[in-house]
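# Overview (structure and organization)
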Amino acid sequence: NISVDSEDLKASDSVKPVAYTWDPSIYSKAYIEYLGEDTETMYHEMVSAILNRESSFACSMKYYEQLYTIMHTCFPCAERIVSFGSLDVEDESVAYENQRGTVSLEYLVSEEEQNSILKGFGSRVEDLICNSVCTGDSDTVAAIAVYHRFCQNLTYDYDAAESDMPGDVSPYHAIMEGSGICQSFASAYAHLCVQLQIPACATGGLTSDNSQAHEWTQLKLDGVYYYADPTWQIDSGLEWFGIQRYP
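This write-up is about the structure you can find in this document. (Residues numbered from 1 in each chain as written. Predicted model: local features only at pLDDT ≥ 70, side-chain atom pairs only at ≥ 80, totals over all residues. Heavy atoms only, no water.)

It is worth spelling out the nonpolar core at this point. With 68 residues, the main nonpolar core has Phe57, Phe75, Phe150, Tyr189, Leu219 and Phe241 as its most contacted residues. Other than its neighbours up to four places away in sequence, tyrosine 189 contacts Ala143, Ile144, Val146, Tyr147, Phe150, Thr217, Leu219, Ala228, Pro230 and Phe241. (Core = buried A, V, L, I, M, F, W, Y, C linked by side-chain atoms within 4.5 Å. Buried < 20%, exposed > 50% of the residue type's maximum accessible area, 1.4 Å probe, protein only. Contact = heavy atoms within 4.5 Å.)

Given below as structure tokens:
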């Protein structure tokens with residue numbers, strides 16, 4: 001597991017909270033690394049289109065299927081505002097992976113409701129970060145601080161986990177209400193890391209006994225990728241933070 005200097009953690013108690021304002025335009029550097037630099041341009045066009053209530057944004061076919069995954073990590077509250085339509089391809093004669101076009105946006109709420117969602121979500125993220133991270137904290141200390149604050153009030157939704165129709169298990173719900181299942185918490189914590197400019201994303205696989213699917217967060221600290229599991233972290237200190245090989 002990751003090693004942390006205890007003096008760095010103690011220092012956080014004597015300095016002022018970090019100056020931070022929620023910014024939906026911040027894109028995860030993990031996706032740049034995994035999916036390519038073009039995804040950042042696509043993401044910024046998507047965010048700009050949503051914030052300005054536009055009807056579509058430019059996107060390529062090879063990234064189209066990743067839109068919801070990217071949105072869950074980088075702009076969780078957007079799923080309360082819009083849904084994505086099909087990709088209107090400009091030229092179907094080119095190779096599938098090179099096709100480009102526009103994705104239509106269907107707004108689920110009024111502009112007034114959208115502004116309320118953005119304000120409420122932004123305020124909640126600001127509360128989580130500003131009440132845990134301090135000025136001068138290293139990325140590692142900041143990641144641990146916000147991880148601890150986020151995890152300490154989580155409630156696992158067993159009914160949702162066992163249901164064929166689980167209801168709201170979004171990262172948005174996890175951040176706003178503190179409840180959900182593994183996929184909720186993994187993307188939610190990844191979003192908090194991304195807002196701290198720490199490369200992060202949700203990832204997943206099977207549990208060690210291959211009995212069930214599970215999701216956790218991957219984050220990059222000091223050039224090294226680690227795993228953190230907010231779901232298994234509940235009531236267990238920092239046992240599931242900073243793992244380099246998932247059990």
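Still to come is the rest of the account.
A few words on the environment of valine 169. Tracing the backbone shows valine 169 in the loop between α8 (158-161) and α9 (171-177). For valine 169, a relative accessible area of 11% gives the class buried. When near neighbours in sequence (up to four residues on either side) are disregarded, valine 169 contacts Ala160, Ile181, Gln183 and Ser184. (Helix = DSSP H or I, 4+ residues; strand = E, 2+ residues; numbered from the N terminus.)

Once that is clear, we can look at the environment of glutamine 114. Position of glutamine 114 among the secondary structure elements: in helix α6 (residues 111-130). Assessed through its relative accessible area of 1%, glutamine 114 is described here as buried. Between the C-alpha atoms of glutamine 114 and alanine 78, which are 36 residues apart in sequence, the distance is 8.8 Å. The residues touching glutamine 114, leaving out its near neighbours within four places in the chain, are Ile50, Leu51, Arg53, Ile81, Tyr107 and Val109.

Positive phi values are uncommon outside glycine, yet arginine 53 reaches one of about 60°. Secondary-structure assignment places arginine 53 in the loop between α3 (38-51) and β1 (56-60). Classification of arginine 53 by relative accessible area gives partly exposed; the value is 27%. Despite not being glycine, glutamine 197 shows a phi value in the positive range, around 65°. Among the structural elements, glutamine 197 can be located in the loop between α10 (182-195) and β6 (200-206).

Below, the discussion takes up the packing of aromatic side chains. One pair of aromatic rings is described through two measures. These are the centre distance and the angle between the planes. Tallied over the entire structure, the rule returns twelve aromatic pairs. Residues tyrosine 147 and tyrosine 189 carry aromatic rings whose centres are separated by 5.0 Å and whose planes lie at 65° to one another, so their mutual orientation is edge-to-face. Here tyrosine 147, found in helix α7 (residues 139-151), pairs with tyrosine 189, found in helix α10; they are 42 residues apart in sequence, far enough to count as distant. Grouping residues by exposure puts tyrosine 147 and tyrosine 189 together as buried. Aromatic ring contacts, followed pair by pair, group Trp22, Phe75, Phe121 and Tyr172 into a single cluster. (Phe/Tyr/Trp six-rings, centres within 6.5 Å; stacked < 30°, edge-to-face > 60°.)

Within this structure, the stated rule accounts for four salt bridges. Residues glutamate 79 and arginine 80 are paired through a salt bridge, measuring 4.0 Å at the closest nitrogen-oxygen approach. In this structure arginine 80 comes out as partly exposed when scored by relative accessible area, which is 26%. Close ionic contact of aspartate 168 with arginine 80 constitutes a salt bridge, the shortest N to O distance being 2.2 Å. Here aspartate 168 is found in the loop between α8 and α9, whereas its partner arginine 80 is found in the loop between α5 (67-74) and β2 (82-89), with 88 residues between them in sequence. A relative accessible area of 30% places aspartate 168 in the partly exposed class. (Salt bridge = Lys/Arg side-chain N within 4 Å of Asp/Glu carboxyl O.)

Another aspect to go through is α5. Side chains of residues three or four places apart in an α-helix project in the same direction, reflecting 3.6 residues per turn. By the burial criterion, the buried members of α5 are Leu67, Ile70, Met71, Thr73 and Cys74. Seen end-on, α5 carries its buried residues on one side only, within an arc spanning 170°. (Arc of directions from axis to C-beta.)

The next thing to look at is the sheet that holds strand β3 (residues 100-107). The antiparallel open sheet is built from three strands, whose spatial order is β1-β3-β2. Both outer strands of the open sheet, β1 and β2, are each paired with one neighbouring strand and no more. The mean inter-strand angle of the sheet, taken between neighbouring strand axes irrespective of direction, is 35°. Here β1 pairs with β3 via five bridges, running antiparallel. Considered in β3, the bridge of serine 60 is made with arginine 100. Taken strand by strand, α3 contacts β1, β2 and β3, and its axis lies near 165° from that of β1. (Pairing = 2+ DSSP bridges. Axes fitted to C-alpha atoms, helices over the stretch in contact; angles between N-to-C directions.)

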